Amino acid sequence: MRLPVFLLPLLLFFSVDVFAQQLPVNPSLLKGQWPASWITYPDVPGRAYGVYHFRKTFTLTQQPSQYIVHVSADNRYRLFVNGTAVCNGPARGDLYKWYFETVDIAQYLKAGDNSIAALVWNMGEEAAVAQISNQTAFLLQGDTDNEKTVNTDGTWKVWENKAYHACSKDNGPRLHSYMVIGPGDSVQAALYPWQWEQTGFNDERWLSARKLVAPAPSGYGTDNFWTLEPRNIPLMEESKQRINTVRRVNGIKVPEGFAQGKESLTIPANTTVSILLDQNFNTVAYPELITSEGKGSLVRLTYAEALFGKNGKGNRNDIEDKQIMGNYDVFEPDGGSKRLFRPLWLRTWRYLQLDITTKEEPLVIDDLYGMYTGYPFVQKASFASSDTSLQEIWNVGWRTARLCAGETYYDCPYYEQLQYEGDTRIQSLISLYVTGDDRLMRKALLDFYHSRVPEGLTQGRYPSNRLQVIPPFSLYWVSMIYDYFMHRRDDEFVGQFLTAAEGVLNWYEQHIDTTKKMLGPMKWWNFTDWNHAFPNGVPDGATDGNSSVITLQYVYTLQQAAELFSYFNKQPQAARYRKIAASLSKGAYDACFDNAKGLMANTPVHNTFSQHASIMGVLTGAIPVARRQAVMRKVLYDTTLSQATFYYRFYLTLALKKAEMGELYYSQLTPWRDMLKNGLTTFAENPDPTRSDCHAWSASPNYDFLATICGITPAAPGFKKVQIKPQPGELQEATGKMPHPDGEIAVTLVRKGTQGIDATVLLPSSVTGTFIWHGKSVPLKGGRQTIRL
């Protein structure tokens, strides 16, 4: 998700939020090597930090009605046609699936001279962990012979931009956190080739690009640097977003209209000032700083989700006795007019602080705002209830989910921007329920599929240039396949993953302790939850053997896999998975259920207990029906148990529903209400003290308001049948609607007394299902129907 950095005259910027659209690919380009060449800058280390400009000038006799090109780069590019920003990319992948964008640039061309220009950068060893790379390169391929004149080759010109240097390289140590999003940008305007992207720019001093290697799509090539794959998600959106409020100023008075873009701000010569701006909500955007004059001055932009005091973050709205700490960029103006600084990669902030030092010349801040960016989800679902406070939870949850979605799902936008299966499963369900858009989920399933290690497991996060294996997250990848299978209809897409899913399940089968009928010792990082009682998130028994939590997660996944494989007529595998699941379920229950406590222990030793073990015991059916409700009451109210964080409460809710206690969900929203009271505008990774203030695994209410309170879930693969089993708790009214592959599902609920309900249900005409209320069932058909129970 992103659009690169660059600096250019203000008048040229305002076309940036109008982008070309991602188009289908010419099939002939997927059947062999391309005529164009990957090109690079000559005589520089290909894997070192560097920022480069590529240009091609050409002449057209008339404006074409269509002019399709295919574009990619390593690490990243931003493409301009006649000075207008058109698209950026490539979508993050790996060397086996290196994505390219396909766009029609005809609307940006004209009769006469034209230019295509690209800003390309490689962060080298400073690159984000999510960025896989081979070496610096750029590629543009015309779709047919009509566009071949712009194919990248030795006729393209290139310039190395020495204005850029990496800064803010010590984010992790300064913030005492794991932070791997890449560096900040330090830009010296005096060294920048201003107007380089314009048609009339003089590039005579630029070098001829060096041809590197022939491009090859998937399935072709014998010595591939990158194996090309068509982009499978839409281009990221971008829209202007004002930074609303000036919260604190030192050294200068800021005009009232500055934050709204109505007045400029002049910092006198030989002055040092500090300006703290408050977006009033967390965002992901490209900050746009426009300056004039101020030769020799220095502007530092620091970004933070929250300010820090001696006792931590506290209420996010409070700034007294708090300071900003975070990643930053630096811009050094050259005295020119309307210089635009924009970082190469997106930034995350609620608070943005300008620290400015001027020299002999005053500096004019003409404007400062953000260009919001992210995956172009469109909210199609809605939810309302008799408790209007739930609307804020819905809105903040959706903001959280949106900020954690770009070219991949992000665990968090500020610290990592990495796609983990544990997070992504929840994020994908939110996307399906709220938008109906499954493209980012499909890409995520493919990303993890491509990440597999020889043992059969997926990597715990991907794309990633560092190896990390989290075996329980491989199980969640299988659960994601099952989720997609239940919510969408694409047997060919799902079927390609079955062999890999077997590999994950077989890895676990090889780790079964046959004497205990539980999982034995396991290597790698067996993360379950950031529970304070789980060292590094790993439950007791995961490393040295006989963890009830992970054994039962394996059972949960085997049960889903059995349904999946049975549907695809793989009955031997399905039967085997059911058999293993039954054996381990009984083994874990017999060894770990503590009759005195009425709970599942974490291991057969019965010396530690967590909510997690009993949650999984109920969710899998390992705990008998007669005991489930008593167990879940203890899970909810026994505070001696090590507690599930926001993330694992997703599974707590599933267990409540399994125990026929989903009516309690509404009463369990206190953690989200507390975050709102504490000034958070997105939902955090963990209860305070938390690292990340925006973590999409905590946005699960946007799924559960529809799937639990309204009770809408698929009852057959592909959502061909629906179950509506509302569990509104104390709510007197609730209304929800969500997209469905065949249209829309809408539910309106009105409680009647303590036991009765009036419901109106609208289903697509092709869909049937069942309405369930307090043990009573009513068949549903396509169309609108009213139910009174």
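Residues numbered from 1 in each chain as written. Predicted model: local features only at pLDDT ≥ 70, side-chain atom pairs only at ≥ 80, totals over all residues. Heavy atoms only, no water.

Participant: Give a detailed account of the overall build of the protein chain, specifying residues and quantitative values.
Facilitator: When helices and strands are counted, the protein chain shows 14 helices and 37 strands. Taken over the C-alpha trace, the protein chain has a radius of gyration of 28 Å; the compact-globule value for 789 residues is 28 Å, and the two agree within 12%. Principal-axis analysis of the C-alpha atoms places the extent of the protein chain at approximately 80 × 60 × 55 Å. Counting over 789 residues, the protein chain shows a buried share of 64%. Expressed as a percentage of contacts within the protein chain between residues at least 6 apart in sequence, the contacts between residues at least 24 apart total 76%. Accessible surface, the protein chain: about 27900 Å² in total, of which carbon and sulfur atoms supply 49%. (Helix = DSSP H or I, 4+ residues; strand = E, 2+ residues; numbered from the N terminus. Rg over C-alpha atoms; globule rule 2.2 N^0.38 Å. Buried < 20%, exposed > 50% of the residue type's maximum accessible area, 1.4 Å probe, protein only. Contact = heavy atoms within 4.5 Å. Areas by Shrake-Rupley, 256 points an atom, 1.4 Å probe, with all protein chains shown as cover.)

Participant: Describe the packing of aromatic side chains, listing the residues and the values that go with them.
Facilitator: This model, assessed by the stated rule, comprises 52 aromatic pairs. For the pair phenylalanine 485 and phenylalanine 568, a centre-to-centre distance of 6.4 Å together with 40° between the ring planes defines the contact as tilted. In this pair, phenylalanine 485 sits in helix H5 (residues 471-487) while phenylalanine 568 sits in the loop between helix H8 (548-567) and helix H9 (571-592), placing the two residues 83 residues apart along the sequence. Taken as a pair, phenylalanine 485 and phenylalanine 568 share a single burial class, namely buried. On the basis of an interplanar angle of 80° and a centroid distance of 5.1 Å, the ring pair of tyrosine 567 and phenylalanine 568 is categorised as edge-to-face. Of the residues examined, phenylalanine 568 reaches a relative accessible area of 19% and is grouped as buried. Directly above the ring of tyrosine 328 sits arginine 300, whose terminal nitrogen or CZ lies 3.5 Å from the centroid. (Phe/Tyr/Trp six-rings, centres within 6.5 Å; stacked < 30°, edge-to-face > 60°. Lys NZ or Arg CZ within 6 Å of the ring centre and 35° of its normal.)

Participant: Quick rundown of unusual backbone geometry? Include the residues and the values.
Facilitator: Backbone torsion omega between aspartate 74 and asparagine 75 reads 0°, so that peptide bond is classified as cis. Along the polypeptide, asparagine 75 turns up in the loop between strand S3 (68-74) and strand S4 (76-81). Across the junction of tyrosine 462 and proline 463, the peptide omega takes the value 0°, indicating a cis bond. With a phi close to 60°, asparagine 569 is a non-glycine residue in the positive phi region. Looking at the element boundaries, asparagine 569 is found in the loop between H8 and H9. You can call asparagine 569 exposed: its relative accessible area is 65%.

Participant: Outline the pattern of salt bridges, listing residues and values.
Facilitator: Working definition: two side chains of opposite charge can pair if their charged atoms are close together. Summed over all chains, the structure comprises 35 salt bridges. For the salt bridge of lysine 313 with aspartate 693, the shortest nitrogen-to-oxygen distance reads 3.1 Å. Here the residue lysine 313 occupies a position in the loop between strand S20 (298-304) and strand S21 (328-332), and aspartate 693 occupies one in the loop between helix H13 (670-677) and helix H14 (701-709), the gap between them amounting to 380 residues. Overall, the relative accessible area of 2% leaves aspartate 693 in the buried class. Note that glutamate 416 is salt-bridged to arginine 691, the shortest N-O span being 2.6 Å. Residue glutamate 416 is found in the loop between helix H2 (389-403) and helix H3 (421-434), and its partner arginine 691 is found in the loop between H13 and H14; the two are separated by 275 residues along the sequence. (Salt bridge = Lys/Arg side-chain N within 4 Å of Asp/Glu carboxyl O.)

Participant: Tell me about H5, and name the residues and values.
Facilitator: The terminal C-alpha atoms of H5, which comprises 17 residues, lie 25 Å apart, in line with the 24 Å expected from a rise of 1.5 Å per residue. Where burial is concerned, most of H5 is hidden: 17 out of the 17 residues are buried. (Expected span 1.5 Å × (residues − 1).)

Participant: Help me get a handle on the nonpolar core, residues and values and all.
Facilitator: Among the nonpolar cores identified, the biggest contains 153 residues, and Trp477, Tyr651 and Phe771 are the most heavily contacted of them. Trp194, Ile267, Leu352 and Leu354 belong to the second largest nonpolar core, which has 40 residues in total. (Core = buried A, V, L, I, M, F, W, Y, C linked by side-chain atoms within 4.5 Å.)

Participant: Give a description of the sheet that holds strand S30 (residues 712-714) that names residues and reports values.
Facilitator: With mixed pairing, the four strands of this open sheet are ordered in space as S30-S31-S35-S36. In the strand order of this sheet, the two ends are held by S30 and strand S36 (776-780), each with one partner. The mean inter-strand angle of the sheet, taken between neighbouring strand axes irrespective of direction, is 25°. (Pairing = 2+ DSSP bridges. Axes fitted to C-alpha atoms, helices over the stretch in contact; angles between N-to-C directions.)

Participant: Tell me what's going on with the side chain of histidine 695, and back it up with residues and numbers.
Facilitator: Mapped onto the elements, histidine 695 comes out in the loop between H13 and H14. Taking relative accessible area as the criterion, histidine 695 reaches 1% and is therefore assigned buried. Look past the residues within four positions of histidine 695 in its chain and what remains in contact with it is Thr400, Cys404, Asp411, Cys412, Asp423, Phe683, Ala684 and Glu685.

Participant: Would you mind going over the packing of H8 against H9 in detail, with residue names and values included?
Facilitator: What describes two packed helices is the angle between their axes and the distance between those same axes. Between H8 and H9, whose axes approach to 8 Å, the crossing angle comes to 155°. The angle between the axes of H8 and H9 places the two elements in the roughly antiparallel class. Between H8 and H9 lies a crossing of left-handed hand. Side by side, H8 and H9 meet where Ser548, Thr551, Leu552, Tyr554, Val555, Leu558, Gln559, Ala561, Ala562, Phe565 and Ser566 of the first sit next to Gln571, Gln573, Ala574, Tyr577, Arg578, Ile580, Ala581, Leu584, Ser585, Ala588 and Cys592 of the second. In terms of residue class, the contact of H8 with H9 is made up of 14 nonpolar, seven polar and one charged. (Parallel < 35°, antiparallel > 145°, perpendicular 65-115°, else oblique. Left-handed = near helix turned anticlockwise from the far one by under 90°. Nonpolar A, V, L, I, M, F, W, Y, C, P; charged D, E, K, R; others polar.)

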